[in-house]
Amino acid sequence: MTGRASRRRRRTGVARCLLGTAGALGSVGLALAVPAVPGSVPAGADPVADCSTTAGVVVAVDLSPWGGAVQRGCDPTLTTALAALQADFTVAGTAQYGDAFVCRIDGDPTVDQTSCTSTPPASASWSFWYADAGSATWTYANQGASTFRPQAGSVEAWTFGAGTNPGFTPAEVRATNSSPAAGTAPGATPTTAPASSPAGTTPAPPVVGATPAAAPSGGGGTSSPGASSSPGASSSPGAGATPGTAPGGTAPPSTTRAPAPVGGPAGTGPADHGVPRIVDAAPAAVHRAPAGSPVPLVVGAVLVVAVGGVAGVLAWRRRRTA
Amino acid sequence: MTTGSAARAPRRGSGRRIPRALHPVAWWLWAVSLAVATTAVTNPVLLLLLLGVLAVVVVNRRTDAPWARAFRYYLGLALTVVAVRVAFLAVFGGDLPTQGVHTLFTVPRLPLPSWATGLRLGGAVTAEGTLGALYAGLRLGCLICCLGAANSLANPKRALRVLPGALYELGVAVVVSLSVAPQLVESVQRVRRARKLRGGPTSGFHALRGIAIPVLEDALDRSLRLAAAMDSRGYGRRGGVSTGSRRLTAALLVAGMCGLCLGAYGLLDGSVAAPAGVPALAAGATLCGLGLALGGRRVVRSQYRPDPWRAAEWGVVLCGLVPAVVLVGRLATHPAALAPSTDPLVWPALPVVPALAILVAGLAAVIAPPPVRAAHRDVGRSAPATPGSPGSPGVTATGEPAPTGRRVAA
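Residues numbered from 1 in each chain as written. Chains lettered and ligands numbered in written order. Predicted model: local features only at pLDDT ≥ 70, side-chain atom pairs only at ≥ 80, totals over all residues.

A closer look at the overall build of chain A
- Each helix and strand in chain A was counted, giving five helices and eight strands.
- Residues classed as buried in chain A amount to 52% of the 322 residues present.
- Nonlocal contacts in chain A, meaning residues at least 24 apart in sequence, comprise 70% of its contacts between residues at least 6 apart. (Helix = DSSP H or I, 4+ residues; strand = E, 2+ residues; numbered from the N terminus. Buried ≥ 20, exposed ≤ 12 C-beta atoms within 10 Å, placed from the backbone. Contact = placed C-beta atoms within 7 Å.)

Section: the overall build of chain B
- Each helix and strand counted, chain B has 15 helices and two strands in total.
- The buried share of chain B, reckoned over its 410 residues, is 42%.
- When contacts within chain B are restricted to residue pairs at least 6 apart in sequence, long-range pairs at least 24 apart make up 78% of them.

Description of the nonpolar core
- Core analysis: the biggest nonpolar cluster contains 77 residues, and W27, W30, L50, L54, A149 and V316 of chain B have the highest contact counts within it.
- Apart from the residues within four sequence positions on either side, A149 of chain B is in contact with A31, L54, V57, V58 and F71 of chain B.
- In terms of nonpolar packing, the next biggest core, distinct from the first, is built from 39 residues, C74, A81, C116 and W138 of chain A among them. (Core = buried A, V, L, I, M, F, W, Y, C linked by C-beta atoms within 7 Å.)

Structural notes on the packing of helix 2 (residues 24-39) of chain B against helix 5 (residues 127-153) of chain B
Residues and elements named next belong to chain B.
- The geometry of helix 2 relative to helix 5 is characterised by a closest axis approach of 9 Å and an angle of 175° between their N-to-C directions. Here helix 2 lies roughly antiparallel to helix 5, going by the angle between them. On helix 5, the residues that touch W27, W28, A31, L34, A35 and T38 of helix 2 are R139, C142, L143, C146, L147, A149, A150 and L153.
- For the contact of helix 2 with helix 5, a count of residues per class yields twelve nonpolar, one polar and one charged. (Axes fitted to C-alpha atoms, helices over the stretch in contact; angles between N-to-C directions. Parallel < 35°, antiparallel > 145°, perpendicular 65-115°, else oblique. Nonpolar A, V, L, I, M, F, W, Y, C, P; charged D, E, K, R; others polar.)

Topic: helix 3 (residues 44-61) of chain B
- Taking 1.5 Å per residue as the helical rise, helix 3 of chain B with its 18 residues ought to reach 26 Å, and the 25 Å between its terminal C-alpha atoms agrees with that figure.
- Along helix 3 of chain B, 17 of the 18 residues are buried, which leaves the element largely enclosed by surrounding structure. (Expected span 1.5 Å × (residues − 1).)

Some remarks on the sheet that holds strand 7 (residues 155-160) of chain A
Residues and elements named next belong to chain A.
- Read across the sheet, six strands follow the order 6-5-7-1-2-8 without closing on themselves; strand pairing throughout is mixed. Edge positions in the open sheet fall to strand 6 (139-140) and strand 8 (278-280), since each of these has one partner strand only.
- Where strand 5 (residues 126-131) and strand 6 come together, two bridges link them in antiparallel fashion. Looking at strand 6, one finds that W129 is bridged to Y140.
- On the sheet, helix 3 (residues 81-88) packs against strand 1 (57-62), strand 2 (70-75), strand 5 and strand 7 and is oriented at approximately 115° with respect to strand 2. (Pairing = 2+ DSSP bridges.)

Observations concerning the confidence of the model for chain A
Residue and element names in this part refer to chain A.
- Residues of chain A with pLDDT of at least 70 account for 49%, and the chain-wide mean is 61.
- Scored below 50 in pLDDT, residues 1-46 shows 122 contacts in the model against residues more than four places distant or in partner chains.
- For residues 182-274, every residue scores under 50 in pLDDT, and the model assigns this stretch 247 contacts once sequence neighbours within four places are set aside. (pLDDT = per-residue confidence, 0-100.)

Here's the deal with unusual backbone geometry
- With an omega of -5°, the peptide bond running from D108 of chain A to P109 of chain A counts as cis.
- Here P109 of chain A lies in the loop between strand 4 (98-105) and strand 5.

Some points on the pairing of strand 7 of chain A
Residue and element names in this part refer to chain A.
- Counting buried residues along strand 7, five of its six residues qualify, which places the element largely inside the surrounding structure.
- Relative to strand 7, strand 1 runs parallel, the two sharing four bridges. Paired with V59 across the strands is E156, a residue of strand 7.
- Pairing analysis gives six bridges linking strand 5 to strand 7, with the strands arranged antiparallel. Looking at strand 7, one finds that W129 is bridged to A157.

Overview of the environment of T94 of chain A
Residue and element names in this part refer to chain A.
- Along the chain, the position of T94 falls in strand 3 (residues 91-94).
- Exposure remark for T94: the 23 C-beta atoms within 10 Å place this residue in the buried category.
- Here T94 is in contact with F101, C103, C116, T117, S118 and T119, once residues within four sequence places are set aside.

Details of helix 8 (residues 205-232) of chain B
Residues and elements named next belong to chain B.
- With 28 residues, helix 8 ought to run about 40 Å at 1.5 Å a step, and its terminal C-alpha atoms sit 41 Å apart, in line with that.
- Residues of helix 8 that are buried include every one of I211, V215, A219, R222, L226 and M230, and no others.
- After helix 8 finishes, the residue G234 shows a positive phi value of roughly 100°.

Remarks on the packing of helix 4 (residues 70-92) of chain B against helix 5 of chain B
Residues and elements named next belong to chain B.
- Helix 5 packs onto helix 4 with a crossing angle of 160° between their chain directions and a minimal axis gap of 8 Å. By the angle between their axes, helix 4 is roughly antiparallel relative to helix 5. In this structure, the crossing between helix 4 and helix 5 has a hand that is right-handed.
- Looking at the contact of helix 4 with helix 5 residue by residue, the classes come out as 20 nonpolar, seven polar and one charged. (Left-handed = near helix turned anticlockwise from the far one by under 90°.)

Overview of the confidence of the model for chain B
Residues and elements named next belong to chain B.
- Per-residue pLDDT for chain B has a mean of 79; in total, 77% of the residues score no lower than 70.
- Low pLDDT, under 50, characterises residues 1-14; the stretch is placed with 31 contacts to residues that sit more than four places away or in other chains.
- As a predicted assembly, this complex carries a pTM of 0.64 together with an ipTM value of 0.76.

Details of the environment of L292 of chain B
- With respect to the element layout, L292 of chain B can be found in helix 10 (residues 278-298).
- Sequence separation of L292 of chain B and L252 of chain B is 40 residues, and the distance between their C-alpha atoms is 8.5 Å.

Okay, structure coming up:
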């Protein structure tokens, strides 16, 4: 959602600490603190609205093992699952296999937990699930993310741990608007669960107990960022659900949990534990590692040739004296 | 004897060293250490450097025995591995061109049914994928060459003499398995030479059938003869050992092996409970050691001219351990330098410390004593078939375990 400017990627430990504390308090102040976190997305960059029930692929990453929320992104271009993931998340592969083996997403697991030099054990690695358009269940992907080709309108989920089923349903993260842009189609309109947000001001309705059945074909999705078309919220970037407004809608008595400030991964205080909330991710900055310099390669080649030359000379002398 | 100027050259000024065969176990430890170091690396510069170092040591310190010429075959095998790996990537690893990758060329793509997911035929061949395949193939090739170097440098039959006494009964099996590669190389050389003498082709597909079948037959024959020779010398006998003692030894060894397997599994797979790791490994090693000690007591054997283990042996082993320790240690701290990323493409670095460590392994070419060389002969053609040339095993005693003992002093 447009206003959900504030999804943050908790990259630094400091930010994580800060946000964690703030989230535990569940205070309004968090919303103010949040924009200060580096990585806040400028309003209007919300990517999820680019996806619809028939276009693009929604990627959901469950950061709950680190006290985070389920971060949701969208890749309108259907290339590979890896590319879709990289569109909104910072992905680090292993030193051994590169990005083909997804080892870290948005800095999780941390460097302390996994070095990512070689393949981490199955119990401590990201698993990749998908649900095609209309499907209410997750399917474990039977091929790698770098070769998997997502279908239009499908959802992908990344969970951490040994084949752990995602703790949320496809319907919870699925795009529900039927046309990509922010201008929401009438049919896909305010599908926010009645209980979750009184005034439609909570762009990220908590996903509380949403069952697959509750949202058959995207129409009844409880959390539908693209569709929570409270006036002004969906169409104009800066308007509507800015962080500032979010807290207002944070404590609907009917929900089991107070929805945290929009997109604040930090909002996951201990109380939230176990029930992931879904927030939108901002497009990850395209970061290609610098290619480095060819000089070491040249020096190395000279060295290799020198050593090879020594071997050649030795072989030649040996043959001569044999 | 002819230490040959090649062997002497690097030791100018220190006087002539007496040629002798380095202890085969020292060569094997050196080569296996290098293989361990190789597993930590996909940096092509370091791998090629390692290959060069292997070549230098092999060229400088191998004997003239037939199996000592094995290195080139291993080198050829390594090249094949690299080529196959890259070719397979082009055929099976192609993909639709996506943004951010460098497409080299596109192979026509064959659509496959959905049950064949993960398998693709044709598609865009990217620089990223090709380089990745090249690096991985190079690493595997390097591993193969490490084994090749050990096989070329160490006398396989003398290596068998250090077989623990407890494995005595397994001796025949171990002999056959350890000597099959050197024997194949030897057979290839003999058959090719015979074909050449008869004027037949020695290369090309046509020659393959003419060479492969005699070689396989020859290798099998020799293995059987070797086993028969060992059998006639008392290998595998059980005389004088009580059944209870044998069973105890066997039980200890099997339990120890199970412990070792469990421990290795626990160490490598992080999902297994911690006790399965180091403790199981230690327990397994202890049991194995006990079994070997117990079994070794009952086997009485004498050794004719045992291979000495002197400073040179220690030096060579150390030369191999240095790169293993350095490279494996640095993999944790500097992974990017040892395993350059291929996606995104980066120029491989030349990390100084690992490169120096690999060069240290090359010191073995100087530290090891010069090899015992055959007398002046037309080595290129006649050495393999020369009866009595040192280290042409199989010619005399049909593979008696230590037929080459007499050549020590030269």
